[in-house]
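A look at the structure
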Amino acid sequence: SCNNGPMVIFGAKDVVQILGDRLLEQVRGDEVRITGFSPAIPGAINCLSFASSASFPGVDVIAKSDAGALIVDSDVPLGSANGRPVFVVQDPRREFIRVMRATLGAPDNSGIHPSAVIDAGASIGGGTSVGAGAVIEAGVVVGNDCGMGPHCVLRSGTHIGDRTQIGPGVVIGE
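Quick caveat, the model's predicted, so the values are computed rather than measured. Throughout this description, residue numbers start from 1 for each chain and increase along the sequence as written. Where totals are concerned, whole chains, interfaces and linings use all residues; where local detail is concerned, this predicted model gives features only for residues with pLDDT of at least 70, and gives and counts side-chain atom pairs only at 80 or more. The basis for the side-chain values is all heavy atoms of the structure; hydrogens and waters are excluded.

Below, the discussion takes up the overall build of the protein chain. Secondary structure elements are taken from DSSP: a helix is a run of H or I of four residues or more, a strand is a run of E of two residues or more, and numbering for both begins at the N terminus. When its secondary structure is counted, the protein chain shows three helices and 16 strands. With the C-alpha coordinates of the protein chain rotated into their principal frame, the extents come out at 50 × 35 × 25 Å. Residues counted as buried form 39% of the 174 residues belonging to the protein chain. Taking contacts inside the protein chain between residues at least 6 apart in sequence as the whole, the part at least 24 apart equals 31%. The charged-residue count follows a simple rule in which Lys and Arg add positive charge and Asp and Glu add negative charge, with His and chain termini not counted at all. To locate a charge, the coordinates of NZ of Lys, CZ of Arg, CG of Asp or CD of Glu are taken. Distance between charge centres in the protein chain, computed from 12 positive and 17 negative side chains, equals 5 Å. Remark: exposure states derive from per-residue accessible area (1.4 Å probe, protein chains only) relative to the maximum for the residue type, with buried under 20%, exposed over 50%, and partly exposed in between. The criterion used for residue contact is that any of the two residues' heavy atoms lie within 4.5 Å.

It is worth spelling out helix α1 (residues 12-19) at this point. Among the residues making up α1, those that are buried are A12, V15 and L19. The buried residues of α1 all sit within an arc of 55° when viewed along its axis, so they share a single face. Along α1, the residues that are exposed and aim more than 90 degrees away from the buried face are K13 and Q17. Directly beyond the C-terminal end of α1, a positive phi value near 55° is found at G20. To obtain the arc, one takes the directions from the helix axis to the C-beta atoms.

In spatial order, the strands read β1-β5-β4-β3-β2; together these five strands make up an open sheet with mixed pairing. Looking at which strands have only one partner, the edges of the open sheet turn out to be β1 (23-27) and β2 (36-37). At least two bridges found by DSSP between two strands are what make those strands a pair. Bridge analysis of strand β3 (residues 47-51) against strand β4 (residues 69-72) gives four bridges, and the strand direction is parallel. Within β4, the position partnered with S49 by the bridge is L70. Axis definition: a line fitted to C-alpha atoms, limited for helices to the stretch in contact. Angles are taken between N-to-C directions and run from 0 to 180 degrees. Its contacts with the sheet place α1 against β1, β3 and β5 (86-89), and it is angled at close to 10° to β5.

Distances and angles like these do not, on their own, reveal function.
Listed below in structure tokens is the structure:
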């Protein structure tokens, strides 16, 4: 069972709504009553779990997990879902956290720190966070759902794709 925090009750339809266009594929299983969150381990009955092929190389993580539903990447074999909903996304960990926040009512961490300096000629995508002291120059384009670390610098003309994480102090461009 799920014993790692407050009990919530939601279903596969709720997960689909939260994931939106980030959902690449869904294995439609039985509608389940999800009561919490857990790692993809045995005993996680009625939990939502996540796994990536990089974390479990060569392992059929879906078969080994007792989770009621799973969020996985496209390299995880889907054959052993056994009637459970499985949601395929690009970044399972990030989307698992997104679903947790949405169902628990936690705030979205996207936003721009007040000390960040962003030129009016830069374009920042939705759901992107910009850390303290970051500098984003004119002509920079940053995609959706990105994370710009504290004190990073994006020089003029730089283009950053969706769901990209830039670490603290990184400088990109000339």
